[in-house]
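Take a look at the letters that make up each chain.
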Amino acid sequence: MDSISEKVPPAPMLAYPVSIKAVLRAPNGELVLMLNERDEWELPGGRIEPGELPRECLAREIEEELGLRVAVDASPLDAYLFEVIPGKQVFICTYRARLSVGAEFLPRLSHEHLQMGLFAPESLPANLPAGYRASVHKAWAAEEGGGDE
């Protein structure tokens, strides 16, 4: 007689694209957000490449998207699954980032986004997804509680 394990197929292995995002503040204290083709504001960042560390990914992505050099905190702020469009999920991991020492804040917009915007913490746009909003609030709370910004 067959065992139960032979009759029940194993659960499918789920795999999701991984995107590393930054809570990045401009020198004036405002949050840097990017407007995407879905008319949603999002945190800067993008997909991690094979063999790349999350912090390396984020520094590369911000340089590609905005032409800015940044330092990325060692510990992530948050990680979660985000349903980008119905039926398509992406694993998001967020970090705090800041301009590298000596770097100027002279952002240039790449072809990947429609617009860059600067937003005060109390004036975040309505079309900023909840997960990104939660990461922003965690970053702000860390700064107010003794963060090293």
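See above for the structure.
Only a predicted model underlies this, so the values are computations on that prediction, with no experimental measurement involved.

Peer 1: Talk me through the nonpolar core; I want residue IDs and the actual numbers.
Peer 2: Judged by nonpolar contacts, the single largest core of 19 residues is most densely connected at Val23, Leu31, Leu33, Leu43, Tyr132 and Val136. Not counting chain neighbours up to four residues away, the residues in contact with leucine 31 comprise Val23, Leu24, Arg25, Leu43, Gly117, Leu118, Phe119, Leu124, Val136 and Trp140. Core analysis: the second largest hydrophobic core is formed by 17 residues, Ile20, Met34, Ile62 and Val70 among them.

Peer 1: Before we move on, could you go through the pairing of strand S1 (residues 18-24) and cite the residues and values that matter?
Peer 2: Within S1, six of the seven residues are buried, leaving the element largely enclosed by the surrounding structure. Here seven bridges tie S1 to strand S7 (residues 88-99), and the two strands are oriented parallel to one another. Looking at the pairing, serine 19 lines up with isoleucine 92 of S7.

Peer 1: How would you sum up the sheet that holds strand S2 (residues 31-35)? Please name residues and give values.
Peer 2: Taken in spatial order, the three strands line up as S3-S2-S8 in an open sheet, and their pairing is antiparallel. Each edge of the sheet is formed by a strand with only one pairing partner; in this case those strands are strand S3 (41-42) and strand S8 (115-119). Where S2 and S3 come together, two bridges link them in antiparallel fashion. Across the sheet, the residue bridging to leucine 35 is tryptophan 41, located in S3.

The rules behind each value
The residue numbering used here restarts from 1 in each chain and proceeds along that chain's sequence as written. In keeping with the model being predicted, local features are shown solely for residues with a pLDDT of at least 70 and side-chain atom pairs are shown and tallied solely at 80 or more, while totals for entire chains, interfaces and linings include all residues. Hydrogens and waters are ignored; side-chain quantities use all the structure's heavy atoms. Within this scheme, the nonpolar core is defined by two criteria: the residues are buried Ala, Val, Leu, Ile, Met, Phe, Trp, Tyr or Cys, and they are joined through side-chain atoms within 4.5 Å. Burial classes follow relative accessibility: with a 1.4 Å probe on protein chains only, a residue under 20% of its type's maximum area counts as buried, one over 50% as exposed, and anything between as partly exposed. Only heavy atoms enter the contact rule, under which two residues are in contact if any of them lie within 4.5 Å. Strands here are runs of E lasting at least two residues and helices are runs of H or I lasting at least four, both read from the DSSP assignment and numbered beginning at the N terminus. Between any two strands, at least two bridges found by DSSP are needed for them to pair.

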